[in-house]
Amino acid sequence: MMKMKTAKNAPYPVEVIKGQAYYWCTCGLSENQPFCDSSHQRTDMTPLEFIATETMTVYFCGCKQSANAPLCDGTHFSL
Ligand code: FES
């Protein structure tokens, strides 16, 4: 199994829209971080769906180590 690649050692702030689906890159290979660009197709990983419950700014994990994926939980501070 392929290991996740850290995209950035910090979260990505994104303004999300209530009810809209977002596909967070789990493999770290996407050129469109923090979202999927189908680069995972050369791995055994798949993107993680996130459906916004409110219109607001959320912080998508960039280090790919968050226990609360796809959102940042501060894990990147300990890497
Ligand atoms: S960027 Fe991954 S836990 Fe913060």
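The model shown is predicted, which means the values in this text are computed figures rather than measured ones. Here the residue numbering is sequential within each chain, running from 1 through the sequence in written order. Selection of residues for local features in this predicted model requires a pLDDT of at least 70, selection of side-chain atom pairs for listing and counting requires 80 or more, and totals for whole chains, interfaces and linings are taken over all residues. Based on all heavy atoms of the structure, the side-chain values leave hydrogens and waters out of the count.

Chemist: Is there a simple way to explain the state of the cysteines in this structure?
Modeler: Note: disulfide means a covalent bond formed between the sulfur atoms of two cysteine side chains. The criterion for a disulfide is a pair of cysteine sulfur atoms lying within 2.5 Å. This structure, assessed with the given rule, holds zero disulfides. Note on Cys25: no disulfide assigned, nearest cysteine sulfur contributed by Cys27 at a separation of 3.9 Å.

Chemist: Just to check I follow, could you spell out the packing of aromatic side chains for this structure?
Modeler: Between 30 and 60 degrees the pair is tilted, below 30 it is stacked and above 60 it is edge-to-face, where a pair is any two Phe, Tyr or Trp rings, Trp via its six-membered ring, whose centres lie within 6.5 Å. Tallied over the entire structure, the rule returns four aromatic pairs. An angle of 85° between the planes, with centres 5.3 Å apart, marks the rings of Phe50 and Phe60 as edge-to-face. Of this pair, Phe50 sits in strand β3 (residues 48-51) while Phe60 sits in strand β4 (residues 56-60), placing them 10 residues apart in sequence. Think of it in three bands: residues with accessible area under 20% of the maximum for their type are buried, residues over 50% are exposed, and the middle band is partly exposed, with areas taken using a 1.4 Å probe on protein chains only. Note on Phe50: relative accessible area 14%, which makes it buried. What makes Phe60 buried here is its relative accessible area of 0%. What links up through ring pairs into an aromatic cluster is the set Tyr22, Phe35, Phe50 and Phe60. Put simply, DSSP H or I for four residues or longer makes a helix, DSSP E for two residues or longer makes a strand, and each gets a number counted from the N terminus.

Chemist: Is there a simple way to think about the environment of Cys72 in this case?
Modeler: With respect to the secondary-structure elements, Cys72 resides in the segment after β4. The sequence separation of Cys72 and Pro13 amounts to 59 residues, and the corresponding C-alpha distance is 9.7 Å. Not counting chain neighbours up to four residues away, the residues in contact with Cys72 comprise Pro11, Tyr59, Phe60, Cys61 and Ser66. Whether two residues are in contact is decided by their heavy atoms: any pair within 4.5 Å suffices.

Chemist: Any chance you could explain empty space enclosed by the protein here in plain terms?
Modeler: For each structure, a 1 Å grid was placed over the protein atoms alone; sets of points admitting a 1.4 Å probe that cannot get out are labelled cavities, open sets with protein on both sides within 12 Å along at least five of seven lines are labelled pockets, and lining residues have an atom within 4 Å of a point. Grid points are joined across faces, edges and corners, and a volume is the space filled by probe spheres set on the points. Tallied over the entire structure, the rule returns one cavity of 30 Å³ or more. Of the pockets and cavities examined, the largest cavity occupies roughly 40 Å³. As for the largest cavity, its lining consists of Ala10, Pro11, Cys61, Gly62, Cys63, Ser66, Cys72, Asp73, Gly74, Thr75 and His76. Here the lining of the largest cavity is built from residues that sort into five nonpolar, five polar and one charged. Residue classes follow a fixed rule: Ala, Val, Leu, Ile, Met, Phe, Trp, Tyr, Cys and Pro count as nonpolar, while Asp, Glu, Lys and Arg count as charged, and any other residue, Gly among them, counts as polar.

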